[in-house]
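Close look at the chain arrangement
Next come the chains, spelled out residue by residue.
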Amino acid sequence: LRSNNLSYISENIKDLTKKTSANKIFEAVNSFTSESEIRYVGGCIRKIINKEKVDDIDLATNLVPEQVCEALKKKNISYYKTGIEHGTITAEINGEKFEITSLRQDVFTDGRHAKVKFSTNWKDDSLRRDFTINSIYSDGDGNLFDPNNGKKDLEDGLVNFIGDAEDRIKEDYLRILRYLRFFTNYSNHKHKPEIIKIIKRNIGGISKLSSERLLDEFKKLTLSKNFLKLFEDSNSV
């Protein structure tokens, strides 16, 4: 069953590369230097593993943002410097948008903003992400790189923070809402009491967040297919 599932995942990732303009981005970055590499990351891989519809594509690369711009320019691909100080460039091909983020480490965070240092280490990049199920990478051919065992957690219905949960939340208080959204969509278990305690201790941090980020996350939360499941467990939150 597991090997069948792996081939299903691999085939669907290959399809994503073939059927979208992602293949042009892979070609642009992978051919830029002998060391340059780009991989899918996060939501698109999580959704493929969970047999959901992929509605956005995020990519990670070992190039710094200026090199990403050069690589795209070389292949006449349009791009915007959407969050260049955090390492994110948005490429657009035939109306399809792709967020490309340079591998990074968070040097300083205040619960809302992060100061970053670019890296070439995929494992280090994975460790600054929020949940194991969001730290799964894949090349265009469907070869997974899963340093935090996110695929197993997803299959087991576990929503696990990477590293210390309280540290992750204090880095960005939006992760409280993200935890609730992923819990409603993917968990097969009850909330861990220690996670609920950490959320209660830090809930005030949400007031530091911009209204745009909050609204965006609330919208995703209310559109979650299992939104009502949140209230079944409301006594524990």
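Along each chain, the written sequence defines residue order, and numbers are assigned to residues from 1. Per-residue local features are limited, in this predicted model, to residues with pLDDT of at least 70; the limit for side-chain atom pairs, both in listing and counting, is 80 or more; totals at the level of whole chains, interfaces and linings are taken over all residues. The side-chain quantities take in all heavy atoms of the structure and omit both hydrogens and water.

Any carboxyl oxygen of Asp or Glu within 4 Å of a side-chain nitrogen of Lys or Arg constitutes a salt bridge here. Evaluated as defined, the whole model comprises 17 salt bridges. With its nearest N and O atoms 2.7 Å apart, the salt bridge here joins Arg178 to Asp130. With Arg178 in helix α8 (residues 174-186) and Asp130 in the loop between α5 (122-127) and β8 (137-138), this residue pair connects regions lying 48 residues apart in the sequence. Given the relative accessible area of 5%, Asp130 is considered buried. A cluster of three or more residues bridged by salt bridges with shared partners is formed by Asp125, Arg128 and Arg129. Going along the chain from the N terminus, every DSSP run of H or I of four or more residues is numbered as a helix, and every run of E of two or more is numbered as a strand. Classification of residues uses two cut-offs on accessible area relative to the type maximum, computed with a 1.4 Å probe and protein chains only: under 20% is buried, over 50% is exposed, and between them is partly exposed.

The next subject is helix α10 (residues 211-223). Given a rise of 1.5 Å per residue, 13 residues ought to cover 18 Å, and the 18 Å separating the end C-alpha atoms of α10 matches this to within 8%. If you check which residues of α10 are buried, you get Leu214, Glu217 and Leu221. Taken down its axis, α10 places every buried residue within 70° of arc, on the same side. α10 presents Glu212, Leu215, Lys219 and Leu223 as exposed residues on the side facing more than 90 degrees away from its buried surface. To estimate the expected span of a helix, subtract one from its residue number and multiply by 1.5 Å. Note: the arc covers the axis-to-C-beta directions of the helix.

By the burial criterion, the buried members of helix α9 (residues 193-202) are Ile195, Ile196, Ile198, Ile199 and Asn202. Taken around the axis of α9, the buried residues stretch over an arc of 160°, which confines them to a single face. Summarising the geometry of α9, the exposed residues directed more than 90 degrees from the buried face are Pro193, Lys197, Lys200 and Arg201. Where α9 is buried, its residues contact α7 (165-171) and α8. Pairs of residues are marked as contacts when any of their non-hydrogen atoms sit within 4.5 Å.

Moving on, we get to the pairing of strand β5 (residues 96-102). A regular strand carries its side chains on alternate faces of the sheet. The sheet contact formed by strand β2 (residues 57-61) and β5 spans five bridges and is parallel. Across the sheet, Ala60 pairs through a bridge with Thr101, a residue of β5. Pairing between strands requires that DSSP locate at least two bridges from one strand to the other. Here strand β4 (residues 88-93) pairs with β5 via six bridges, running antiparallel. Paired with Thr90 across the strands is Glu99, a residue of β5. Linking β4 back to β5 in an antiparallel pair, the connection comprises two residues, with Asn94 at a positive phi of about 50°.

Moving on, we get to the nonpolar core. By size, the foremost hydrophobic cluster in this structure holds 51 residues, and its most contacted members are Ile25, Tyr40, Leu59, Leu72, Ile100 and Tyr179. With eight residues, α8 is the single largest residue contributor to this core. Leave out the neighbours within four places in its chain, and Ile100 touches Ile25, Ile38, Leu59, Thr61, Val68, Leu72, Gly87, Thr88, Ile89 and Ala91. In this structure, Val41, Ala60, Trp122 and Tyr137 belong to the second largest nonpolar core, which totals five residues. Put simply, a nonpolar core is a bunch of buried Ala, Val, Leu, Ile, Met, Phe, Trp, Tyr and Cys residues held in one set by side-chain atoms that sit within 4.5 Å of each other.

Our focus in this paragraph is the packing of aromatic side chains. Centres within 6.5 Å make a pair out of two Phe, Tyr or Trp rings, where for Trp the six-membered ring is used; the pair is then stacked when the planes are under 30 degrees apart, edge-to-face when over 60, and tilted otherwise. The tally for this structure, following the rule as stated, stands at nine aromatic pairs. When the ring of Phe131 is compared with that of Phe161, the centres are 4.6 Å apart and the planes differ by 45°; the resulting orientation is tilted. Within this pair, whereas Phe131 is found in the loop between α5 and β8, its partner Phe161 is found in the loop between α6 (150-155) and α7, the two being separated by 30 residues in sequence. The two residues Phe131 and Phe161 agree in class, both being buried. Measuring from centroid to centroid gives 5.7 Å for Phe161 and Tyr179, while their planes differ by 15°, and the two rings are stacked.

Everything listed here is a matter of coordinates, which is why it stays silent on function.
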